[in-house]
Amino acid sequence: MVQDEFNRLVVVSNRLPVALKKKNDDWEVKPGSGGLVTALAPVLSRNGGIWMGWPGTAEEEDVTGPLNDFSREHGYWLHPVILSREDLHGYYYGFSNEVLWPLLHGFHNRCNFKLEYWERYQKVNSMFAGEIAKVTEPEDYIWVHDYHLMLVAKEVARNKLQRNCGFFLHIPFPGPEIFLKLPWRREILSGLLSYDLVGFQTIESLNNFVSCLEYLCFDMDYSIDGTLVKIKCGDYNTKAGNFPISIDFDEFADKASSQEVSQRTAKLNLLHPEQQIILGVDRLDYTKGLPQRFESLRQALLNYPDLRGKISLLQLVVPSREEVHEYRLLKEEIERLVGEINGQFTEPGWIPIHYLYRSLPREDLISFYMASDMALVTPLCDGMNLVCKEYCVCNYHENGVLILSEFAGAASQLYNDAILVNPNCVYEVAEAIRRAFYIHKSERQTRMQNLRKVLKEYDIHFWLDSFLQAAFYGKAKECPQAEIYRYLSKID
Ligand code: ADQ
C-alpha cells in the first residue's frame, strides 16, 4: 500500500480545514466539509498526520487550546501558521488574489503586480517552510496545496532540510502568452521545480507548464513516462502530472438518497410543478461567468418565447472575498441584472430568476441539486469545478441534464455526455438551454448514467491514490482525460 511508504502525511494549505468561531469567551471549532478533508482525514489520522495552515483568526488570538482539542478528537494535528494583518494584506489579498488568481485564470488585465505583494508572498512562504522545519521529520510526506504556497519547497531546500514535497495546483495553469507577463515568472517556475511532484487538474495545464519551462529554461529537457512527465532543468529534477480532482461519490450519493434530503426535495418539487428548474451554484467570483450566464438566459427567453413561463433559473451565490472592491462591484452587477431580467419577463405566477446570496447547509444544497432539471455550469475559466460533479452524483434518478463550460477542467472528463458550451457566446448557451429543455427522457437518462459512471470510478479516493502513487512509485493511475480543444470540432 502506498501509504506504507511514508511516516506521517503533512498537508499544507493556506487555511486550516476548520472554521473557528468565538462564542462568548470560548472558541468553537467546526470541521470543514470539503471532499479534500473527507479523503485525506483517514490518511492523516493513520499515523497522526498534520494539517498546517492559517487558522483564519487575528494574530493576537491564541487558538492553540481549541485546535489541540480538535486534534485529539480527530486523530491528526492542526498546526496553525499565524499571519499578521500585513502578511494577509500582501501575501493573501495581494499576491495570491490580485496577482496569481487572475493571472492563472487568464485575466492578466486584472493583475496588480506590486513589488510589496511579492515580497510578502516570499516571506510568508518562507514562514510556512520554517514551520515545516519545526514539526516534521525526514520520513514524513509534505503535500502542499494551491497557488498561495508555490515557493514552500524551495524555501525548505534553502533551509537545507531533506523532505519529500509534492504540490497540487487546484486552479488552471495558463500558457506562456499569459504566464510570462508575470514579473516573477522565473522565481515561480523554479519554486514549482523544487517540488518532487507537481500535480495539475488537466492535461492542458500540464502542457502549459511544460511550455513555459521550455521558454524560460534554456537547458530544459523532458521525457514522458506513462502518465507522468519527467523534467530536467538545470539542477532541478522533478515529475509533473495531471490528476483531475473529484468528490466523494458515496458520501454525496448517500446523502442524496437520505430521508431528510428526499423530504426537502419533495417540498421543492411542489413549488414549481409546471416549470423546469435550471440550477446555478457558484462562489462569487469573476471567473464563474455569472453576468454572461444571466445574459444567456435573457437571450434564451428572447429567442425562444416557448420557454417563457416554463423555465426558471435558481442561482445560488456563495459570498466570497467581500472585502475586495471588485467583488462588491460584481455583486452589484449581478443584482442589477437579476432585477433587470426579472423586470423584463416576470408574469403572474412565474419569475425567470430566483437568486440566493448565501452559503447553504450541505443537505439543502443537495436537495436543490435533486430538484433541478438541469445544471448550468458556465465558468469562463475553472481549474476543475466540483459543482457539476456534485450535481451529477446527486442526480441518482438520472433525469437531469448538465450544461457545462468547455473552460471548466471537468469538461476534459465529462465532454461526451454533458452539453458543452462556450460561456462567452450567449447565443450558444441560450440554444443549449433550449436543447436541454426539450431533450428526450431516454437521452437524459443515458447521458446522466454515463456521467455518473465516470464520476463513480474516478472519485476523490482515486485522485488521492493516483497522486501518492505518482509521488512514491513514479507512476500515476490511468485516468482518461481529453485535451478539450483537440476534441472540439475543427475549422472546416
Ligand atoms: P472553487 O473555486 O471554490 O474551488 P468549486 O470546485 O466549484 O470551486 O467548489 C465550490 C464548492 O462550494 C462546492 O463544493 C460547492 O458545493 C460549494 N458551494 C457552492 N455554492 C454553495 C452554497 N450556496 N452553499 C454551500 N456550499 C456551496 C477551487 C478551484 C476549482 C476546483 C476546486 C477543487 O477554483 O476549479 O474544482 O478548487 O480543486
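Right above here is the structure, for reference.
All figures in this text were calculated on a predicted structure; none of them were measured in a lab. The written sequence of each chain sets the order in which its residues are numbered from 1. Where totals are concerned, whole chains, interfaces and linings use all residues; where local detail is concerned, this predicted model gives features only for residues with pLDDT of at least 70, and gives and counts side-chain atom pairs only at 80 or more. Side-chain numbers here rest on the full set of heavy atoms in the structure, without hydrogens or water.

Enquirer: Break down the sheet that holds strand β13 (residues 311-318) for me, citing the residues and quoting the values.
Expert: At least two DSSP bridges between two strands are needed for those strands to be called paired. The way it works is that DSSP assigns letters per residue, a run of H or I at least four long becomes a helix, a run of E at least two long becomes a strand, and they are numbered from the N terminus. The strand order across the open sheet built from six strands is β14-β13-β12-β15-β16-β17, with neighbouring strands paired in parallel fashion. Each of the sheet's edge strands pairs with one partner strand only, and the pair in question is β14 (353-357) and β17 (419-421). Averaged over all adjacent pairs, the angle separating strand axes in this sheet is 20 degrees, with direction ignored. With eight bridges joining them, strand β12 (residues 276-283) and β13 adopt parallel strand pairing. Counted as the bridge partner of Ile277 is Ser312 from β13. On the sheet, helix α16 (residues 426-438) packs against β12, β13, β15 (374-377), β16 (401-405) and β17 and is oriented at approximately 170 degrees with respect to β17. Orientation is described by axes fitted as lines to C-alpha atoms, over the contacting stretch for helices, and by angles from 0 to 180 degrees between their N-to-C directions. Whether two residues are in contact is decided by their heavy atoms: any pair within 4.5 Å suffices.

Enquirer: Please set out the site of the ligand residue by residue, giving values where relevant.
Expert: Inspection of the region around the ligand gives 22 residues, with His170, Val318, Leu360, Asp382 and Glu390 positioned closest. Each polar contact in these results corresponds to two N or O atoms within 3.5 Å; when the atoms are within protein, one needs to be able to donate a hydrogen and the other to accept it, and residues that are neighboring in sequence are counted only if both atoms are side-chain atoms. Between the ligand and Gln201, the relevant distance is 3.1 Å, taken from an oxygen atom to a side-chain nitrogen or oxygen of the residue. For the ligand, a nitrogen atom lies 3.2 Å from a polar atom in the backbone of Arg358. Isolated, the ligand exposes 720 Å² of accessible area, and the fraction of that covered by the protein chains is 84%. When contributions to the shell around the ligand are tallied by element, the ones reaching two or more residues are β12, β13, α13 (362-371) and α14 (387-394). Examining the composition of the shell around the ligand, we find that three residues originate from one element, α13, more than from any other. Working definition: residue near molecule or strand if any one of its non-hydrogen atoms lies within 4 Å of it. In these tables, accessible area is a Shrake-Rupley quantity obtained with a 1.4 Å probe, and a residue counts as shielded only by the protein chains included in the view.

Enquirer: Quick one: what's the story with the nonpolar core, residue by residue and with numbers?
Expert: Counting residues in hydrophobic clusters, the biggest one holds 101 residues, and the most contacted among them are Phe95, Met150, Phe173, Phe179, Phe209 and Ile433. The element best represented in this core is helix α3 (residues 85-104), accounting for nine residues. For this core, the domains that each give at least three residues are domain 1 (2-242) and domain 2 (249-457). With residues near it in sequence (within four places) discarded, Phe173 still touches Leu104, Phe179, Leu189, Leu192, Phe200, Ser205, Asn208, Phe209 and Cys212. Here, nonpolar core refers to any group of buried Ala, Val, Leu, Ile, Met, Phe, Trp, Tyr and Cys residues whose side-chain atoms link them within 4.5 Å. Accessible area is worked out with a 1.4 Å probe on protein chains only. A residue is then buried under 20% of its type maximum, exposed over 50%, and partly exposed in between. Counting 74 residues, the second largest nonpolar core, distinct from the first, contains Leu67, Phe368, Leu468 and Ala476. Domains are outlined according to an automatic or database domain assignment.

Enquirer: Quick one: what's the story with helix α8 (residues 203-216), residue by residue and with numbers?
Expert: Expected helix span is taken as 1.5 Å per residue step, with the number of steps being one fewer than the number of residues. With 14 residues, α8 extends 20 Å from end C-alpha to end C-alpha; this agrees with the ideal 20 Å at 1.5 Å per step. Regarding α8, the residues found buried are Ile203, Ser205, Leu206, Phe209, Val210, Cys212 and Leu213. Contacts from the buried residues of α8 go to α6 (176-179), α7 (185-193), β8 (197-200), β9 (221-225), β10 (228-233) and β11 (236-242).

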